Amino acid sequence: MVAFYNVFVVDALAGLLKLGILGGATAALLMSTTYVRTHMVNIFEYGILILLASLAMLFLVSSYDFLSMYLAIEMQALCFYVLAGCKRNSEFSTEAGLKYFLLGAFSSGLLLFGMSLVYGCTGLTNVEDVAKLLVGIEAETEVHALTAVGLVMVTIGFLFKLSAAPFHFWAPDVYEGAPSSVTAFFAIVPKFALVGCTLRVLLTCFYDFLFVWQHLVVVSVLASLLIGAFGAMAQKKIKRVLVYSSIGHVGFILMGFLSGTVEGVQAVLVYLVIYALTTVNIFGIVLSVSSAHGEGYMKYISDLKHLSKAHPALAFALAMTLFSLAGIPPLAGFYAKFIVLFGALTSDLYTVALFGVLTSVVSAFYYLRLIKVMYFEAASDEVTVDGLDRAKATLVACTSVFLMGFFLYPQILFLWTEKVASAFLG
């Protein structure tokens with residue numbers, strides 16, 4: 001159903017993504033209560049900015065017009081810029097906010113330039129109207145060429161926003177410099193909005209240009225998998241490890257785009273839901289463990305030393321989550337990677353699927369390294385978990401049960417996402 005002069009759409013895809021956005025924003029707020037109270041004193045606008053950014057993302061997943069889409073992206077981005085730099089007494093937070101603002105403005109410019117080229121060629125901004133017009137357009141014409149250039153610009157803009165390689169260079173510094181509670185929000189919630197918007201643009205508006213944007217996305221998938229696998233190996237700080245891990249998982253999410261089928265969209269949605277719950281679990285633990293170096297919350301990988309003795313249940317939950325991220329069966333992460341790789345194989349993308357398997361094996365190294373530090377390395381100072389309040393404990397417990405028990409009844413998520421994907425492409 002479309003509304004407001006065909007500017008917004010309400011469908012099953014928007015409903016699933018909005019549920020993810022609201023759930024992720026709620027989890028991020030619950031996780032951040034203790035952190036905000038102890039590290040970001042008198043920053044009253046934190047909660048307001050989280051809510052405004054969430055509102056913008058709700059608009060974004062329902063946007064059915066380039067104008068409303070761009071305005072929602074900019075409303076979301078403005079909140080993100082302020083959130084990244086909201087810890088005023090930290091030069092790292094200020095640097096993160098400034099980098100995010102400058103590079104985010106560059107990506108928004110690419111996005112707007114691409115949309116303006118499409119509008120200049122078609123005279124339309126509505127997603128469905130543009131799709132109908134492009135169905136009958138002949139190849140190797142001037143209109144086709146300019147529309148293809150606009151599509152490439154729009155795709156690069158979205159890849160930049162998703163921190164997909166090779167447009168990821170802003171993410172490690174921004175995620176590390178931003179306050180940890182803000183990093184948790186960045187890692188969980190925007191993926192739902194941006195992946196949903198990218199799905200709507202590429203598979204609804206430009207479906208007939210599949211072989212134009214598919215080549216660009218293939219390059220991004222391969223680069224993201226490669227950088228996500230090897231980039232985290234040399235990192236010593238936990239948030240930089242997690243951001244390179246995120247880049248690799250974005251590569252898996254984008255792999256589902258390549259087939260342009262119901263199975264591919266279903267794989268994207270399944271991976272997105274499982275990855276978001278996994279990220280909630282990890283950041284719930286990161287925001288609970290205090291640094292052994294006396295620098296507040298956990299910052300370095302070495303801060304995980306002795307966690308298995310200080311809090312065995314928390315260490316076990318983190319170990320299971322890391323195994324899930326690595327794709328070890330029968331945890332939920334295995335099913336997420338399996339359905340994405342299976343979708344790639346059914347579309348004859350054998351090279352991409354093989355590359356995904358190989359990089360998953362490589363990335364398992366740094367996940368296992370974190371587990372080794374937790375269980376087998378002696379610590380000079382004992383870590384504490386004084387940040388583990390009731391809200392974080394509940395989130396970690398619920399997400400851990402989901403990740404470990406998903407194999408018992410995965411049909412609920414699979415059937416739901418298949419129904420959404422069929423309605424979206426049908």
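Please refer to the structure placed before this passage.
The following paragraphs examine the structure supplied in this document. (Residues numbered from 1 in each chain as written. Predicted model: local features only at pLDDT ≥ 70, side-chain atom pairs only at ≥ 80, totals over all residues. Heavy atoms only, no water.)

### What to know about the pattern of salt bridges
Moving on, step 1. Per the counting criterion, the structure on display carries 8 salt bridges.
Moving on, step 2. The salt bridge involving E176 is made with R240; its shortest N-O contact spans 2.6 Å. Here the residue E176 occupies a position in helix α7 (residues 171–177), and R240 occupies one in helix α11 (residues 238–255), the gap between them amounting to 64 residues.
Moving on, step 3. Residues joined in a network through salt bridges with shared partners are E95, K99, D173, E176, K237 and R240. (Salt bridge = Lys/Arg side-chain N within 4 Å of Asp/Glu carboxyl O. Helix = DSSP H or I, 4+ residues; strand = E, 2+ residues; numbered from the N terminus.)

### Some remarks on the packing of aromatic side chains
Moving on, step 1. Tallied over the full model, the rule gives 25 aromatic pairs.
Moving on, step 2. With centroids separated by 6.4 Å and ring planes inclined at 15°, the aromatic side chains of F80 and Y100 adopt a geometry described as stacked. Placement of F80 in helix α3 (residues 66–84) and of Y100 in helix α4 (residues 91–122) is noted, with a sequence separation of 20 residues between them. The burial state of F80 is the same as that of Y100; both residues are buried.
Moving on, step 3. Measuring from ring centre to ring centre gives 6.5 Å for F185 and F186, while their planes differ by 50°; the resulting arrangement is tilted. (Phe/Tyr/Trp six-rings, centres within 6.5 Å; stacked < 30°, edge-to-face > 60°. Buried < 20%, exposed > 50% of the residue type's maximum accessible area, 1.4 Å probe, protein only.)

### So, the environment of V143
Moving on, step 1. Position of V143 relative to the elements: it lies in helix α6 (residues 142–161).
Moving on, step 2. The partly exposed category is assigned to V143, whose relative accessible area is 35%.
Moving on, step 3. Each C-alpha atom, one on V143 and one on V118, is 9.1 Å from the other, the two residues being 25 residues apart in sequence.
Moving on, step 4. For V143, the contacting residues outside a window of four places in its chain are C121 and I137. (Contact = heavy atoms within 4.5 Å.)

### Comments concerning the packing of helix α10 (residues 210–231) against α11
Moving on, step 1. Between α10 and α11, whose axes approach to 7 Å, the crossing angle comes to 150°. With respect to α11, the axis of α10 lies roughly antiparallel. At the point where α10 passes α11, the crossing takes the left-handed sense. Packed against α10, whose contacting residues are V217, S220, V221, S224, L225, I227, G228 and G231, the element α11 presents Y244, I247, G248, G251, F252, L254 and M255 at the interface.
Moving on, step 2. Split by residue class, the contact of α10 with α11 holds 9 nonpolar, 6 polar and no charged. (Axes fitted to C-alpha atoms, helices over the stretch in contact; angles between N-to-C directions. Parallel < 35°, antiparallel > 145°, perpendicular 65-115°, else oblique. Left-handed = near helix turned anticlockwise from the far one by under 90°. Nonpolar A, V, L, I, M, F, W, Y, C, P; charged D, E, K, R; others polar.)

### Here we look at the nonpolar core
Moving on, step 1. M69, F185, F186, L199, F206, W213 and M255 are the most contacted members of the largest nonpolar core, which has 151 residues in total.
Moving on, step 2. With 16 residues, the single largest contributor to this core is helix α12 (residues 262–286).
Moving on, step 3. Ignoring anything within four residues of it in the chain, the contact list for L199 reads L13, T204, F257, V265, V268, L269 and F424. (Core = buried A, V, L, I, M, F, W, Y, C linked by side-chain atoms within 4.5 Å.)

### A short note on unusual backbone geometry
Moving on, step 1. Cis geometry marks the peptide bond from A165 to P166; its omega dihedral reads 0°.
Moving on, step 2. Inspection of the secondary structure puts P166 in the loop between α6 and α7.
Moving on, step 3. Phi at Y5 takes a positive value of approximately 60°, unusual for a residue other than glycine.
Moving on, step 4. Relative to the assigned elements, Y5 resides in the loop between β1 (2–3) and β2 (8–9).
Moving on, step 5. If you check the backbone angles, S163 has positive phi at about 55° while not being a glycine.
Moving on, step 6. Among the secondary structure elements, S163 is positioned in the loop between α6 and α7.

### Let's talk about helix α5 (residues 127–135)
Moving on, step 1. Of all the positions in α5, only V127, V130, A131 and L134 are classed as buried. Each buried residue of α5 lies within a common arc of 100° when the element is viewed along its axis, so the set occupies one face. Exposed residues lying more than 90 degrees from the buried face of α5 are K132 and V135.
Moving on, step 2. Contact partners of the buried residues in α5: α3, α4, α6 and α9 (190–205).
Moving on, step 3. A side-chain oxygen of the first residue of α5 lies 3.1 Å from the backbone nitrogen of E128; this N-cap is N126. (Arc of directions from axis to C-beta. Polar contact = N/O pair within 3.5 Å; in protein donor to acceptor, adjacent residues only side chain to side chain.)

### Side note on the packing of α12 against helix α18 (residues 411–425)
Geometrically, a packed helix pair is captured by the angle between its two axes and the distance between the axes.
Moving on, step 1. The geometry of α12 relative to α18 is characterised by a closest axis approach of 8 Å and an angle of 135° between their N-to-C directions. If you check the angle between α12 and α18, you find them oblique. Considering only the axes of α12 and α18, their crossing is right-handed. Residue-level contacts link V262, V265, Q266, L269, V270, V273 and I274 of α12 to L413, F414, T417, E418, V420, A421, S422, F424 and L425 of α18.
Moving on, step 2. Among the residues making up the contact of α12 with α18, the classes are represented as 12 nonpolar, 3 polar and 1 charged.

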